[in-house]
Amino acid sequence: MIYKPEGSFFRTAENQKYISSYEGLAEAMENGIILEARVAVCDSSHNLIIDLPCGKGVIPRTEGAIGIEDGSTRDIALISRVNKIVCFKVTGIDGDNITLSRKSAQEECMENYINKLSSGEIIDARITHLEQFGCFVDIGCGIPSLIPIDAISVSRISHPSDRFRNGDFIHAVVKYREDDRIFLTHKELLGTWEQNAELFEAGETVSGIVRSVEDYGIFVELTPNLAGLAEPRDDIKAGQSVSVYVKAIIPEKMKVKLIIVDTCEDLPTAKPIQYYQESGKISRWCYSTDCSPKKIISEF
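Calculation criteria
Residues numbered from 1 in each chain as written. Predicted model: local features only at pLDDT ≥ 70, side-chain atom pairs only at ≥ 80, totals over all residues. Heavy atoms only, no water. Core = buried A, V, L, I, M, F, W, Y, C linked by side-chain atoms within 4.5 Å. Buried < 20%, exposed > 50% of the residue type's maximum accessible area, 1.4 Å probe, protein only. Helix = DSSP H or I, 4+ residues; strand = E, 2+ residues; numbered from the N terminus. Contact = heavy atoms within 4.5 Å. Pairing = 2+ DSSP bridges. Arc of directions from axis to C-beta. Salt bridge = Lys/Arg side-chain N within 4 Å of Asp/Glu carboxyl O.

A. Up close: the nonpolar core. The biggest cluster of nonpolar side chains holds 34 residues, and the ones touching the most others in it are Ile-114, Cys-135, Val-137, Ile-139, Ile-147, Ile-170 and Leu-184. The set of elements that each furnish at least two residues to this core consists of helix 4 (102-112), strand 6 (122-131), strand 7 (134-138), strand 9 (169-178) and strand 10 (181-185). It is strand 6 that provides the largest number of residues to this core, a total of 5 residues. Aside from chain neighbours lying at most four places away, what touches Ile-147 is Gly-134, Cys-135, Val-137, Ile-152, Ile-170, Ala-172, Leu-184, Thr-185 and His-186. Formed by 23 residues, the second largest nonpolar core is a distinct cluster that contains Leu-52, Leu-78, Phe-88 and Leu-100.

B. Layout of the pairing of strand 11 (residues 205-214). As judged from the 5 bridges shared by strand 11 and strand 14 (residues 241-250), these two strands associate in the antiparallel manner. Along strand 14, the bridge assignment pairs Val-206 with Val-244. As judged from the 5 bridges shared by strand 11 and strand 12 (residues 217-223), these two strands associate in the antiparallel manner. From the neighbouring strand, Val-213 faces strand 12, where its bridge partner is Ile-218. Linking strand 11 to strand 12, which pair antiparallel, is a turn of 2 residues.

C. A look at helix 4. Taken as a whole, helix 4 has its buried residues at Arg-102, Lys-103, Ala-105, Gln-106, Glu-108, Cys-109 and Met-110. Each element contacted by the buried residues of helix 4 is listed here: strand 3 (55-59), strand 4 (85-94) and strand 5 (97-101).

D. Broad picture of the environment of Ala-238. Relative to the helices and strands, Ala-238 resides in the loop between strand 13 (226-230) and strand 14. Sequence separation of Ala-238 and Ile-209 is 29 residues, and the distance between their C-alpha atoms is 8.0 Å. Contact partners of Ala-238, with chain neighbours within four places excluded, come to Val-210, Arg-211 and Val-213.

E. Quick peek at helix 2 (residues 22-31). Residues Gly-24, Leu-25 and Ala-28 constitute the buried set of helix 2. Within helix 2, the buried residues cover an arc of 100° as seen down the axis, which keeps them to one side. Facing away from the buried side of helix 2, by more than 90 degrees, are the exposed residues Glu-23 and Glu-30. Residues of helix 2 that are buried in the fold lie against helix 1 (13-19), strand 1 (35-42), strand 2 (48-52), strand 4 and strand 5. Of the residues one or two after helix 2, Gly-32 is the one with positive phi, at around 65°.

F. Structural view of the pattern of salt bridges. Summed over all chains, the structure comprises 12 salt bridges. In this structure, Glu-6 and Arg-102 form a salt bridge, with 2.8 Å as the shortest nitrogen-oxygen distance. Highlighted residues: Glu-6 in the segment before helix 1 and Arg-102 in helix 4, separated in sequence by 96 residues. Residues Glu-6 and Arg-102 agree in their burial class; the two are buried. Residues joined in a network through salt bridges with shared partners are Asp-162, Arg-163, Arg-211 and Glu-221.

Here you go:
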């Protein structure tokens with residue numbers, strides 16, 4: 001079994017085969033197969049009602065997530081699932097009564113996958129919601145983790161929505177684990193200074209996003225892991241899309257000097273993510289150039 005964020009398997013032929021008939025659900029129950037379907041309703045008792053092609057399934061409140069029964073997980077974790085895809089195991093079929101358990105799927109995922117993760121492993125994740133301090137992600141079967149805002153990218157952002165949207169599938173790196181909690185980082189997958197700087201050359205005019213306006217200059221993001229400094233201008237504000245002239249690229253100082261040419265109001269205010277590594281494991285990542293005295297290093 002491959003354990004992925006919820007929504008990864010919903011549209012697959014295998015999942016649809018099992019959820020489309022009572023016979024398929026019975027086979028999935030017998031073999032302990034984890035399935036996915038959409039939550040239609042969270043009722044007044046916080047049971048989750050699941051839309052199945054062959055009928056309605058019910059995930060009782062205490063089976064809705066790990067921690068609901070002992071209070072360590074709040075019921076908002078159930079309420080917020082309405083109209084979203086969840087995973088589950090089939091635990092009972094009695095006529096039209098189909099009983100399901102999301103908690104059982106999560107417990108299996110914890111035992112066979114989450115608890116075996118180690119620092120430096122690159123995993124799949126899905127953005128579930130964004131807060132000022134970071135983004136919460138599903139790292140498998142709805143089990144949550146957090147990427148702090150300063151670990152999202154090297155280029156600084158004011159809010160995770162500058163980089164992600166709810167529902168985005170992304171990659172992340174396991175920073176460390178503490179008991180049953182997994183702590184993540186993301187910026188190490190977006191390339192070093194040199195890898196990003198190689199995308200540009202002096203004399204070009206390219207697009208960028210203003211991330212910070214300071215008295216001494218304006219920081220413009222060229223890629224999620226590379227920003228340059230432009231000369232001050234009174235008519236520029238953070239969040240604007242701009243076109244910039246690349247004046248100089250200085251590897252020994254890890255600096256890119258820019259001149260803002262124009263504002264571009266109709267362009268998106270988030271740069272697309274380009275991953276330089278999407279699988280496997282990393283033990284050390286050095287963002288800095290070899291010739292720079294300033295070293296930005298992540299150790300795993």
